[in-house]
Amino acid sequence: MISFLVKGLLRDRSRSLFPLLTVAIGVSLTVLMDAYLRGVGDSIFDTTARFVSGHVMVTTGARAREGATASNELALLNVADLRADLEQAYPDIAWTERIRFGGLLDVPDSAGQTRAQIPIAGIAGDLSPTGQERRLLRLDRSLASGRLPEKPDEVLLSDDLAARLKVSPGDRLTLLSSTMNGSMSVSNFTLSGTVRFGVTTLDRGMMLADLAGVRAALDMNDAADELLGLFSSGAYDDARAARLAESFNAGADKEDEFVPTMQALRESSGLGAMIDVMLAASGLIVAIFVLAMSVVLWNAGLMGSLRRYGEIGIRLAIGESKGAVYRSLLAEAFVVGLVGSALGTLVGLGFSLYLQEVGFNIGGMMKNATMVMDDVLRARITLSSLIVGFLPGLLATFVGAAISGLGVYKRQTAQLAKEFSG
Amino acid sequence: MILLALLLLAADLPDGNALLGRIDANIGSENKVIVAEMRITGRRGFRTVRVKSWVSGVDRSFTEYLAPERDKGTKMLKLGPDLWTYTPATDRTIRISGHMLRQSVSGSDLSYEDMMEDPKLANLYAAVTTGADSLLGRPVWVLDLTAKKPEVAYQSRRLWVDAERHIVLKEGRFSKSGKLLKTSEVKKVERRSGRWVATQAVFRDALKAGSGTEFVIEDIQFDVPIPEGLFTKASLRR
């Protein structure tokens, strides 16, 4: 029966070509969109987690409320003990201490007088050769010139910032900032190298310093602004992060503004709404696809029925039941859907693979952006890419044929002889 | 009748600009040397900063931090519109400019811009006396000040001025949009070297949490000789 239908489809291309192309194009677009959104989401979450918020972040209640630009006065104290407690309570999360600082970076001339100055924002983490920040911040592959810091008073600058200040590795820099207690802080550092992350927000003007050096400069002994936690799986699990934060904060004294408070990436980075949209987007795309394809294929089926009006009439006249004709139309749709979905999935995977390997550079559009994300957006192919378009493709063809095929039941068999005699 | 009463009241109010001149004359001098303490109450606690300042006219000053230990030896030099700081630990003389001037001085409610400001109000503002009141048991005039130039840090101010001693007892400083940015309230006024001096005042940054910065003048001497060489960048490293 199936081979009979397939022969019919192959010999009468007008019966199969348009629905097949429609399904294939729709499926390939769905596969591509799904892989692209997944890749972009991964890129944003991964970069944000590494540079900004971790998958979860522990900070003081006051800082959690006021955001990352809050004063260092609101930092966590007794961080070594707090970190030990967190490591014991959450062994599958890697914890790292960070200090965020701002101030004026001053470059001296040969006489020690100000040659250049620029306001900067900086991150301090354990940049020592044994520290995990080198891996987290991908410093090895981001190094543009010089070397990574080996001493507490050595720092990295973004390559663009170093070029603007006309400094190179080995030059002395002075950071004018405020201590945790609000006193003026003036500290000398040596530029060990420059970095280029490929993240416009960071490459515009970032200073990376070693935690020990910044602690000494800002009088923050055993203090840190935040403890970032990254899941050992490497992937952000929004539901898990939210659960952890809820249970961690459950017993906290809400009156104490310095009480350690945990936030999931969605809260600390302000990406909550975006995460919700991205989680819903894939399902939404599939739903829209099924609906749109069903309507198109319904229409195609109706046109096919009109064209095959005589054929169906003869089949009914020679005694084939309406149910059998309807089932054969559904079977034809199944074959078209199967082939079209398979073809569409293959084409979609091909484009997705290209975007996964080569990517799409949006650096030019990110000049004034504040979101921390890679300049090169890439798709990500997963197992779900194989079915995300395939199953809806099959379903849409089936639904389209099922609706249009209902016309078979409206044919008046008593009128058939009259129709043929005319 | 009401209009007549208002006209009579308006006629009794002193000229704002003349009053501003008297305020400047009371506090202004050729030279002065001040030892002061800033008591800063932050969200984490309380701390004090002690400084000694040598002031010459309206546009030159030299300040040395005496305490706390971490800040001891830090020096600041103001020459006209320029401000430099020197810290012995880094042996660097750094010019403070741009947005850094709006930063807090030692975590207090005062900014570098506040420190840099021309202390002669009449140079910066036009004043109108808008009413009479009483404060700290003293009769005061209420003055509304409007900046003469757009680059002034605070576009308008409201002063409560002791009607007899010509000293500002309370103040509100506002942005161009009329938002309250800073307040100050004098707690103690003393007679020093024949002048009325606010020796204790509380400054508050209205945009910041905390209970303000108390500024206490321990000692003030007017018209004392100050070596000319003090107001040079070279003196910062001495």
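Residues numbered from 1 in each chain as written. Chains lettered and ligands numbered in written order. Predicted model: local features only at pLDDT ≥ 70, side-chain atom pairs only at ≥ 80, totals over all residues. Heavy atoms only, no water.

Novice: Looking at this structure, how should I read the overall build of chain B?
Specialist: The secondary structure content of chain B amounts to 5 helices and 13 strands. Relative to the globule expectation of 18 Å for 238 residues, the C-alpha radius of gyration of chain B, 19 Å, shows essentially globular dimensions. In terms of overall dimensions, chain B has a C-alpha envelope of 70 × 40 × 35 Å along the principal axes. When the 238 residues of chain B are sorted by exposure, 48% land in the buried category. (Helix = DSSP H or I, 4+ residues; strand = E, 2+ residues; numbered from the N terminus. Rg over C-alpha atoms; globule rule 2.2 N^0.38 Å. Buried < 20%, exposed > 50% of the residue type's maximum accessible area, 1.4 Å probe, protein only.)

Novice: Which parts of the structure should I look at to understand the overall build of chain A?
Specialist: Helix and strand counts for chain A come out as 17 helices and 12 strands. Once local pairs closer than 6 in sequence are excluded, the contacts in chain A between residues at least 24 apart make up 76%. (Contact = heavy atoms within 4.5 Å.)

Novice: Help me out: how do you make sense of the pattern of salt bridges in this one?
Specialist: It is possible for side chains of opposite charge to pair when their charged atoms get near one another. Under the criterion given, the structure shown has 33 salt bridges over all chains. The closest approach of N and O atoms between R215 of chain A and E97 of chain A, which form a salt bridge, is 2.6 Å. One end of the pair, R215 of chain A, is in helix α9 (residues 211-217); the other, E97 of chain A, is in strand β2 (residues 93-108), and 118 residues separate them in sequence. A relative accessible area of 11% places E97 of chain A in the buried class. With a closest N to O distance of 2.4 Å, R60 of chain B and E228 of chain B form a salt bridge. On the criterion of sequence distance, the pair formed by R60 of chain B in strand β3 (residues 60-67) and E228 of chain B in the loop between β13 (213-222) and α5 (233-236) is long-range, its members being 168 residues apart. Classification of R60 of chain B as partly exposed rests on a relative accessible area of 22%. Residues joined in a network through salt bridges with shared partners are R63, R100, D225 and E226 of chain A. (Salt bridge = Lys/Arg side-chain N within 4 Å of Asp/Glu carboxyl O.)

Novice: So what exactly am I meant to see when it comes to the pairing of strand β4 (residues 75-79) of chain B here?
Specialist: Both faces of the sheet carry side chains from a regular strand, because those side chains alternate between them. All names here are of chain B. Counting buried residues in β4 gives 4 out of 5 residues, a clear majority hidden from the surface. Note that β4 and strand β5 (residues 82-87) share 5 bridges and pair antiparallel. When the bridges of β5 are listed, K78 appears paired with L83. The turn linking β4 back onto β5 is made up of 2 residues, and G80 within it adopts a positive phi angle of 60 degrees. (Pairing = 2+ DSSP bridges.)

Novice: Help me understand the packing of aromatic side chains, please; the structure alone is not making it clear to me.
Specialist: When we look at a pair of aromatic rings, we describe it by the centre distance and by the angle of the planes. As enumerated under the stated definition, the model contains 5 aromatic pairs over all chains in all. For the pair Y90 of chain A and W95 of chain A, a centre-to-centre distance of 6.1 Å together with 55 degrees between the ring planes defines the contact as tilted. In terms of burial, Y90 of chain A and W95 of chain A fall into one category: buried. Relative to F215 of chain B, the ring of F203 of chain B has its centre 6.3 Å away and its plane inclined at 90 degrees; by these criteria the two rings are edge-to-face. Taken together, the residues span a long stretch of sequence, with F203 of chain B in strand β12 (residues 195-205) and F215 of chain B in strand β13 at a distance of 12 residues. Its guanidinium or amino end placed over the ring of W196 of chain B, R165 of chain B lies 3.8 Å from that ring's centre, counting from NZ or CZ. (Phe/Tyr/Trp six-rings, centres within 6.5 Å; stacked < 30°, edge-to-face > 60°. Lys NZ or Arg CZ within 6 Å of the ring centre and 35° of its normal.)

Novice: Looking at this structure, how should I read helix α4 (residues 79-89) of chain A?
Specialist: Two residues of an α-helix separated by three or four positions point the same way, owing to the 3.6 residues in each turn. Residue and element names in this part refer to chain A. Every buried residue of α4 is listed here: V79, L82 and L86. Buried residues in α4, looked at end-on, bunch into an arc of 60 degrees, giving them a common side. Opposite the packed face of α4, turned more than 90 degrees from it, sit the exposed residues D81 and Q88. Considering only its buried residues, α4 is in contact with β1 (56-60), β2, α9, β9 (226-231), α10 (238-249) and β10 (260-264). (Arc of directions from axis to C-beta.)

Novice: What's the story with the nonpolar core in this structure? I'm lost.
Specialist: General note: in soluble globular proteins, nonpolar side chains tend to be found buried as a group. Counting 57 residues, the largest nonpolar core has W95, F101, L105, L157 and L165 of chain A as the members making the most contacts within it. In terms of residues, this core owes the most to one element, β2 of chain A, which gives 6 residues. Formed jointly, this core draws a minimum of three residues from each of two domains, domain 1 (2-46 + 274-421) and domain 2 (71-224) of chain A. Other than its neighbours up to four places away in sequence, W95 of chain A contacts V56, V58, R83, L86, E87, Y90, Q132, L227, L228, G229 and M262 of chain A. Within the second largest apolar cluster, 33 residues are counted, among which are M38, Y65, F203 and I220 of chain B. (Core = buried A, V, L, I, M, F, W, Y, C linked by side-chain atoms within 4.5 Å. Domains from an automatic or database assignment.)

Novice: I keep staring at a nonpolar patch on the surface and nothing clicks. Help me out?
Specialist: Residue and element names in this part refer to chain A. On the surface, L17, L21, I25 and L29 cluster together to form a nonpolar patch covering roughly 380 Å² of accessible area. Secondary-structure assignment places L21 in helix α2 (residues 13-53). Since its relative accessible area comes to 43%, L21 is described here as partly exposed. (Patch = residues over 30% accessible without salt bridge, like charges linked within 9 Å, V, L, I, M, F, W, Y side chains within 5 Å. Areas by Shrake-Rupley, 256 points an atom, 1.4 Å probe, with all protein chains shown as cover.)

Novice: Explain unusual backbone geometry here, please?
Specialist: The phi torsion of most residues other than glycine is negative, and most of the peptide bonds are trans. P68 of chain B follows A67 of chain B through a cis peptide bond whose omega is 5 degrees. As for its placement among the helices and strands, P68 of chain B is situated in the loop between β3 and β4. Of note, R138 of chain A is a non-glycine position whose phi angle comes to about 50 degrees, a positive value. Mapped onto the secondary structure, R138 of chain A falls in the loop between α5 (133-136) and α6 (139-142).

Novice: Is there a simple way to explain the packing of helix α14 (residues 322-357) of chain A against helix α16 (residues 390-404) of chain A in this structure?
Specialist: The description of two helices packed together rests on the angle between their axes and the distance between the axes. Residue and element names in this part refer to chain A. It is at 8 Å that the axes of α14 and α16 come closest, and there the two elements cross at 150 degrees. With respect to α16, the element α14 is oriented roughly antiparallel. α16 is crossed by α14, and the crossing has right-handed handedness. Contact residues: Y326, L329, L330, A333, F334, V336, G337, L338, S341, A342 and T345 in α14; F390, G393, L394, T397, F398, A401 and A402 in α16. Residue classes in the contact of α14 with α16 are distributed as 13 nonpolar, 5 polar and no charged. (Axes fitted to C-alpha atoms, helices over the stretch in contact; angles between N-to-C directions. Parallel < 35°, antiparallel > 145°, perpendicular 65-115°, else oblique. Left-handed = near helix turned anticlockwise from the far one by under 90°. Nonpolar A, V, L, I, M, F, W, Y, C, P; charged D, E, K, R; others polar.)

Novice: Any chance you could explain the interface of chain B and chain A here in plain terms?
Specialist: Accessible area lost upon the coming together of the parts serves often as the stated size of an interface. Of the residues lining the interface, 23 residues belong to chain B; the matching set on chain A comes to 36 residues. Both sides of the chain B and chain A interface together cover about 2,300 Å² of buried area, and 46% of this is carbon and sulfur. Broken down residue by residue, the surface that chain B buries against chain A is led by R43, R44 and R92 of chain B, which jointly contribute 35%. Between D106 of chain A and R92 of chain B there is a salt bridge; the shortest N-O distance is 2.4 Å. Across the chain B-chain A interface, the total number found is 11 residue pairs in polar contact (both at pLDDT 80 or more). Listed by contribution, the elements that provide at least two residues to the side of chain B that touches chain A are β5 and β6 (92-96) of chain B. (Buried area = accessible area lost by both parts, 1.4 Å probe. Polar contact = N/O pair within 3.5 Å; in protein donor to acceptor, adjacent residues only side chain to side chain.)

Honestly, that's just the spatial picture; any functional story needs more than this.
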